[in-house]
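# Summary of structural features
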Amino acid sequence: MRTKSYKGHRLLCNLRSQASVEFLTTYAWAFIVIGVSMAALYYFGVLDFGKYLPQKCNFPSQFKCLDFSLRSPEVRVRLINNLGEDVQITSVQITNDAATPISCTVPVTPITWVSSAEQELVFTSCSGGGFITGARAGLKISMNYYAINTPSHPIHLVNGKVDGQVGSI
Amino acid sequence: MDKSDQFNGMERRERLKLLHLPIYNAVTNVRASFKHHKSRTRFSIAFKSCLCQSSLEYLLIVALTFAIIVPAAYLFYNYSRESRQEIFDAQTVKLGRSIIDTSESIFYSGTGSKTVLDLDAPENLASAIIIDGRELVFNVTTSFGVSEIVFFSSVNLTTKASSNCNLNICTLPGLAGPGSKKIKIESVSGNSVSVDTI
């Protein structure tokens, strides 16, 4: 009797194991399908939420950003002088947060910029820093300037940021 | 009546049953027990499947919810960060323009004229200085680095605390940091206006 009961117990165990295996197999397939779907969505850029963000150009209101374009290998930024003073731009830099930051040929300085006038800063031959067509780029632009009418010509620093999708020329 | 007489009147099956009654009972019990186990196992599997299905459905709903909430939160966070920057910029410009406009007004009102402004400084205002008596410079920290917001005055600006002035630069330590500031603007002589926090 003990032998038969033992056999029954083994049969019961086998049934449970089979059920578990079947369950795992069924859901493993489900998980594989979900995983493959997610990978495909990621590959085609659907899960890249950054591209749904607006393209922005942020500068302090004293150098308001009017327009910009990111077309590999060129960055253009159009700013307006809202300082109420004529200034001289002594240097311009561009960089980003990448391990190897972007490198561009910066505009020739000094630039004399009269009050309320627009100025287009053109950075050419940009490379590195993930600045490639189709990618999203976040670039930091720094300018040093001084007011022409201030006797000691103290240098001031202004930083801005350009965020957008890189296009091609 | 002995056993052989008793068997004579029975059919063979009945006789065997009587002879092996203990074994027959045992087998019947095992069968019944097995049937019971079988049905219990089936029920258990069905019940577990049901639970698993509901767990998976629950997980899918949670995953779908997260798939909507996470990107939405990311987008809103970015929007709010940019708005925050614009608000700080607007606050700084308002503070600077108020000081400059009031200083010019007080200067042209004549020596001894004074007023007190109650203004709010943004939290990203790190320091404030006066350069050459004509530039009011605010150092502000932004998400893309430290910038200088400069305001130009047509009248000579200074500060009463001479210890805060070094050569052509006067610092206004009371203006740094966030919160409400009381700024006293006074025409101190025929050619300058002092700016101090009280």
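Because the structure is predicted, anything quoted here is derived from the model rather than measured.

Glancing now at the overall build of chain A. Check the secondary structure of chain A and you find one helix and 10 strands. For chain A, the succession of helices and strands along the chain, N to C, is α-β-β-β-β-β-β-β-β-β-β. When burial is assessed residue by residue, chain A has 22% of its 169 residues classed as buried. Within chain A, contacts between residues separated by at least 24 positions form 62% of all contacts whose residues are at least 6 apart in sequence.

The helix and strand inventory of chain B stands at three helices and nine strands. N-terminal to C-terminal, the α/β element order of chain B is α-α-α-β-β-β-β-β-β-β-β-β. Split into buried and exposed, the 198 residues of chain B put 21% on the buried side. In chain B, the share of contacts with a sequence separation of at least 24, taken over all contacts with a separation of at least 6, comes to 63%.

Moving on to the sheet that holds strand β1 (residues 114–121) of chain B. All names here are of chain B. Strands sit in the order β1-β8-β9-β5 across an open sheet of four strands; the sheet is mixed. One side of each edge strand has no neighbouring strand; the edge strands of this open sheet are β1 and β5 (156–158). Across the sheet, the mean angle separating the axes of adjacent strands is 30 degrees when strand polarity is ignored. Pairing analysis gives six bridges linking strand β8 (residues 179–189) to strand β9 (residues 192–197), with the strands arranged antiparallel. Within β9, the position partnered with lysine 184 by the bridge is aspartate 196.

Per-residue pLDDT for chain B has a mean of 81; in total, 74% of the residues score no lower than 70. At the level of chain-chain contacts, confidence expressed as ipTM amounts to 0.71, with global pTM at 0.70.

Residues and elements named next belong to chain B. Along the chain, isoleucine 100 turns up in helix α3 (residues 21–109). Judged by local crowding, isoleucine 100 falls into the buried class, with 22 C-beta atoms found within 10 Å. Measuring from C-alpha to C-alpha, the distance between isoleucine 100 and phenylalanine 151 comes to 7.3 Å, with 51 residues separating the pair along the chain.

Moving on, we get to the nonpolar core. Judged by nonpolar contacts, the single largest core of 53 residues is most densely connected at A:Val75, A:Val77, A:Ile94, A:Leu139, A:Val162, B:Ile130 and B:Val195. Other than its neighbours up to four places away in sequence, A:Ile94 contacts A:Val75, A:Ile102, A:Cys104, A:Val106, A:Phe123, A:Leu139 and A:Ile141.

Further remarks concern the pairing of strand β3 (residues 74–81) of chain A. Residues and elements named next belong to chain A. Along β3, the buried face is formed by Val75, Val77, Leu79 and Asn81; none of Glu74, Arg76, Arg78 and Ile80, which line the opposite face, is buried. One ladder, built from eight bridges, connects strand β2 (residues 63–72) with β3; its direction is antiparallel. If you follow phenylalanine 63 over to β3, its bridge partner there is asparagine 81. Counting the residues in the hairpin turn of β2 and β3 gives one residue. Of the strand pairs in this sheet, β3 and strand β7 (residues 118–127) are connected by six bridges, and their pairing is antiparallel. Directly across from valine 75, in β7, lies its bridge partner phenylalanine 123.

Right, let's talk about the sheet that holds strand β9 (residues 156–165) of chain A for a bit. Residues and elements named next belong to chain A. Strand order in the open sheet made by the five strands is β1-β9-β8-β4-β6, with antiparallel pairing throughout. Each edge of the open sheet carries a strand with a single partner, namely β1 (56–58) and β6 (111–113). The average angle at which neighbouring strand axes cross in this sheet is 30 degrees, direction not considered. The sheet contact formed by strand β4 (residues 87–96) and β6 spans three bridges and is antiparallel. Note that in β6 the partner of valine 87 across the bridge is tryptophan 113.

To continue, consider the pairing of β2(A). By the bridge criterion, two bridges tie β2(A) to strand β10 (residues 167–168) of chain A in an arrangement that is parallel. Across the sheet, A:Ser72 pairs through a bridge with A:Ser168, a residue of β10(A).

In this section: unusual backbone geometry. Residue and element names in this part refer to chain A. With omega at 5 degrees, the peptide bond leading from serine 72 into proline 73 counts as cis. Considering the arrangement of structural elements, one finds proline 73 in the loop between β2 and β3. The omega torsion of the bond from threonine 109 to proline 110 falls at 0 degrees, within 30 degrees of zero and hence cis. Tracing the backbone shows proline 110 in the loop between β5 (103–105) and β6. Of note, the phi angle at serine 116 is positive, near 65 degrees, even though the residue is not glycine. Relative to the elements of secondary structure, serine 116 occurs in the loop between β6 and β7. Look at serine 116 and you get exposed, because 11 C-beta atoms sit within 10 Å.

Definitions and cut-offs
- Residues numbered from 1 in each chain as written.
- Chains lettered and ligands numbered in written order.
- Predicted model: local features only at pLDDT ≥ 70, side-chain atom pairs only at ≥ 80, totals over all residues.
- Helix = DSSP H or I, 4+ residues; strand = E, 2+ residues; numbered from the N terminus.
- Buried ≥ 20, exposed ≤ 12 C-beta atoms within 10 Å, placed from the backbone.
- Contact = placed C-beta atoms within 7 Å.
- Pairing = 2+ DSSP bridges.
- Axes fitted to C-alpha atoms, helices over the stretch in contact; angles between N-to-C directions.
- pLDDT = per-residue confidence, 0-100.
- Core = buried A, V, L, I, M, F, W, Y, C linked by C-beta atoms within 7 Å.

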